[in-house]
Amino acid sequence: ETGVTQTPRHLVMGMTNKKSLKCEQHLGHNAMYWYKQSAKKPLELMFVYNFKEQTENNSVPSRFSPECPNSSHLFLHLHTLQPEDSALYLCASSQGLPNTGELFFGEGSRLTVL
Amino acid sequence: GENVEQHPSTLSVQEGDSAVIKCTYSDSASNYFPWYKQELGKGPQLIIDIRSNVGEKKDQRIAVTLNKTAKHFSLHITETQPEDSAVYFCAASRTGGSYIPTFGRGTSLIVHP
């Protein structure tokens, strides 16, 4: 139990569907992150939020839309995805920037796009 | 930006042997080097980290060494056990600035009983 909870753990969706991934942290952190993990690729940073403000958008396609309503919750809204978007999506949190320190990861949401 | 190279991509050892994973980084301003372990079906978890003001840190069977001049750092696991089997990631970042850790590609460690 890392204090970061992601739901759903598994998601299968068609290319025309709209779905959302949810992340919640109970650690009192102020920075939250979305990473994409594909087979045989390094962890790819997608988005960073610091005190609810987006500070990083790593050239992510607009079919991925993040939302951070407060420091404890982070969403990733998905629409018109492609099969190559199938991956494990990891949420993480840390102390607020600039003192990043340790990242605490959730267990991930395994996404399959048909 | 920072670039982290990690080797090997796969490491297979017998139980009781030692395992060494090596990483290099490019940004001489990086000063924080964590190592994460990712077990099957789970997210990465920090197992040890080192800051640039020390050359070595040890925690039971795990140790990390840092050579700032050569810009490389290594993870050493002694007396490996089957439960050490996992993917290990190194990372580098600069604390005190809004720098997010840059991760290596990961090493899949397999410990055979």
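See above for the structure.
Now for a description of the structure that goes with this document. Only a predicted model underlies this, so the values are computations on that prediction, with no experimental measurement involved.

Before going further, it helps to examine the overall build of chain B. Along its length, chain B carries zero helices and 11 strands. Starting at the N terminus and walking to the C terminus, you meet the elements of chain B as β-β-β-β-β-β-β-β-β-β-β. Here chain B has a C-alpha radius of gyration of 14 Å; the compact-globule value for 113 residues is 13 Å, and the two agree. By principal-axis analysis of the C-alpha atoms, chain B measures approximately 45 × 30 × 20 Å. In chain B, which comprises 113 residues, the proportion classed as buried is 43%. Sequence-distant contacts, at least 24 apart, represent 53% of the contacts inside chain B between residues at least 6 apart. Across chain B, the centroid of the 11 positively charged side chains sits 7 Å from that of the 12 negatively charged ones.

Listed as interface residues are 24 residues of chain A and, on the opposing side, 19 residues of chain B. Each partner contributes to the roughly 1,600 Å² buried at the junction of chain A and chain B, and carbon and sulfur atoms together form 61% of this total. On the chain A side of the interface with chain B, the three residues burying the most area are Pro42(A), Leu43(A) and Pro98(A), jointly 25% of the side's total. Where chain A touches chain B, the interface holds zero salt bridges. Here chain A is connected to chain B by three residue pairs in polar contact (both at pLDDT 80 or more). Looking at the side of chain A that touches chain B, the elements with two or more residues in it are β4 (31–37), β5 (44–50) and β9 (87–94) of chain A.

Calculation rules
Residues numbered from 1 in each chain as written. Chains lettered and ligands numbered in written order. Predicted model: local features only at pLDDT ≥ 70, side-chain atom pairs only at ≥ 80, totals over all residues. Heavy atoms only, no water. Helix = DSSP H or I, 4+ residues; strand = E, 2+ residues; numbered from the N terminus. Rg over C-alpha atoms; globule rule 2.2 N^0.38 Å. Buried < 20%, exposed > 50% of the residue type's maximum accessible area, 1.4 Å probe, protein only. Contact = heavy atoms within 4.5 Å. Lys, Arg positive; Asp, Glu negative; His and termini not counted. Charge placed at Lys NZ, Arg CZ, Asp CG, Glu CD. Buried area = accessible area lost by both parts, 1.4 Å probe. Salt bridge = Lys/Arg side-chain N within 4 Å of Asp/Glu carboxyl O. Polar contact = N/O pair within 3.5 Å; in protein donor to acceptor, adjacent residues only side chain to side chain.

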